[in-house]
Amino acid sequence: MTLPTVVALAFTVGALAALAGRAEIKLSPRHPLLTRSFAAFVAFAVCVLVPISVYFYVFHGDWFLLYLVDVREIPSAIALVGFVLEVLVGVFGFATGATLLRSQREGLVGGVAGGALVVAILVPVLLRERLSHVGSFAQFNGGFGLVDFTAGPLFHGTLLMIATLLGAAGFLLGRLWVGERR
């Protein structure tokens, strides 16, 4: 998973979390960012989404950033700000979903979330050639020492992280959806 994919998934899950907790958001007089649905989403973002991003940044950083920047040149404080911004994109997705729900546009929430999901999927598809090789920033730009994506540990790590993300997001959305029925 690359940074653009993770950011798009943060927005998607945020919007879907608002949709799954729609009863609380529509009926409660509280601000949507003070609901239990929002708290559950933030817990997901902080405990699942950010650690997945940190894994890719720390162990496969140049690939994670699409070989656009050398990870060694990025100060750690800037990386930390990036992870906070990732959570804020998810919060924006939740707030967008909640705003649409309160204006009686439930279908549009699904459309917005679906659009963000399409972006998350299109990034690796469109950049398939760039992402099919794994190495450092210098190796990629110099064209030497690159390893095939499926031959190295990144492939297995990606599968594990996708499974973790999908499982946790499914649990979050299912729990919010079931919780709203009570």
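Up top you'll find the structure we're talking about.
What this report covers is the structure whose coordinates are included nearby. Quick caveat, the model's predicted, so the values are computed rather than measured. (Residues numbered from 1 in each chain as written. Predicted model: local features only at pLDDT ≥ 70, side-chain atom pairs only at ≥ 80, totals over all residues. Heavy atoms only, no water.)

Overview of the nonpolar core
Among soluble globular proteins, nonpolar side chains are generally buried collectively.
Right, on to step 1. Met1, Phe41, Phe44, Phe56, Trp63 and Leu165 are the most contacted members of the largest nonpolar core, which totals 49 residues.
Right, on to step 2. Top contributing element to this core by residue count: helix H3 (residues 36–64), with 13 residues.
Right, on to step 3. Filtering out sequence-adjacent residues up to four positions away, Met1 remains in contact with Val6, Leu9, Ile52, Phe56, Trp63, Phe64, Thr158, Met161, Ile162 and Leu165. (Core = buried A, V, L, I, M, F, W, Y, C linked by side-chain atoms within 4.5 Å. Buried < 20%, exposed > 50% of the residue type's maximum accessible area, 1.4 Å probe, protein only. Helix = DSSP H or I, 4+ residues; strand = E, 2+ residues; numbered from the N terminus. Contact = heavy atoms within 4.5 Å.)

Let's talk about the environment of Cys47
Right, on to step 1. Take Cys47: it is sitting in helix H3.
Right, on to step 2. Looking at Cys47, the relative accessible area reads 58%, which means it is exposed.
Right, on to step 3. Taking the C-alpha atoms as reference, Cys47 lies 32 Å from Phe140; in sequence the two are 93 residues apart.

With respect to the pattern of salt bridges
For side chains bearing opposite charge, pairing can occur when the charged atoms are close.
Right, on to step 1. Taken as a whole and judged by the stated rule, the model has four salt bridges.
Right, on to step 2. Where Glu106 meets Arg22, a salt bridge forms, and the shortest distance between an N and an O atom there is 3.5 Å. Of this pair, Glu106 sits in helix H5 (residues 106–126) while Arg22 sits in helix H2 (residues 22–27), and the two are 84 residues apart along the sequence.
Right, on to step 3. Glu106 gets classed as partly exposed once you look at its relative accessible area, which sits at 29%.
Right, on to step 4. Residue Asp70 pairs with Arg72 through a salt bridge whose shortest N-O separation is 3.0 Å.
Right, on to step 5. Connected via shared salt-bridge partners are Arg22, Lys26 and Glu106. (Salt bridge = Lys/Arg side-chain N within 4 Å of Asp/Glu carboxyl O.)

What to know about the environment of Phe83
Right, on to step 1. With respect to the secondary-structure elements, Phe83 resides in helix H4 (residues 76–102).
Right, on to step 2. Sequence separation between Phe83 and Val46 is 37 residues, and the spatial gap between their C-alpha atoms is 9.3 Å.
Right, on to step 3. Ignoring sequence-local partners within four residues, the contact set of Phe83 consists of Val50, Ser53, Val54 and Tyr57.

Remarks on the packing of aromatic side chains
Right, on to step 1. If you walk through the whole model with that rule in mind, you get 12 aromatic pairs.
Right, on to step 2. Look at Tyr57 and Phe83: their rings are 5.7 Å apart centre to centre, the planes differ by 85°, and that puts the pair in the edge-to-face class. Note that Tyr57 is positioned in helix H3 and Phe83 in helix H4, a separation of 26 residues in sequence.
Right, on to step 3. With relative accessibility at 14%, the residue Tyr57 sits in the buried group.
Right, on to step 4. Counting every residue linked through ring pairs, the aromatic cluster contains Tyr55, Phe56, Phe59, Trp63, Phe64, Phe149 and Phe155. (Phe/Tyr/Trp six-rings, centres within 6.5 Å; stacked < 30°, edge-to-face > 60°.)

Here's the deal with the layout of surface pockets
It is a probe the size of a water molecule, rolled over the atoms, that shows where empty space is left.
Right, on to step 1. Within this model, the largest pocket holds a volume of roughly 390 Å³.
Right, on to step 2. In terms of lining residues, the largest pocket is bounded by 17 residues, among which Met1, Thr5, Pro124, Thr158 and Ile162 are the most central.
Right, on to step 3. Elements supplying a minimum of two residues to the lining of the largest pocket: helix H1 (3–20), H5, helix H6 (128–131) and helix H8 (153–181).
Right, on to step 4. Looking at the lining of the largest pocket, its residues break down into 12 nonpolar, four polar and one charged.
Right, on to step 5. Taken as a whole, the second largest pocket holds about 260 Å³ of empty space.
Right, on to step 6. Lining the second largest pocket are 15 residues, and of these Leu3, Tyr57, Leu65, Ala79 and Gly82 sit closest to its centre.
Right, on to step 7. Residue assignment for the lining of the second largest pocket shows that the elements contributing at least two residues are H1, H3 and H4.
Right, on to step 8. For the lining of the second largest pocket, the leading source of residues is H4, giving seven residues.
Right, on to step 9. In terms of residue class, the lining of the second largest pocket is made up of 13 nonpolar, one polar and one charged. (1 Å grid on protein atoms, 1.4 Å probe; cavity = no way out; pocket = protein on both sides within 12 Å on 5 of 7 lines; lining within 4 Å. Points joined across faces, edges and corners; volume = space filled by probe spheres on them. Nonpolar A, V, L, I, M, F, W, Y, C, P; charged D, E, K, R; others polar.)

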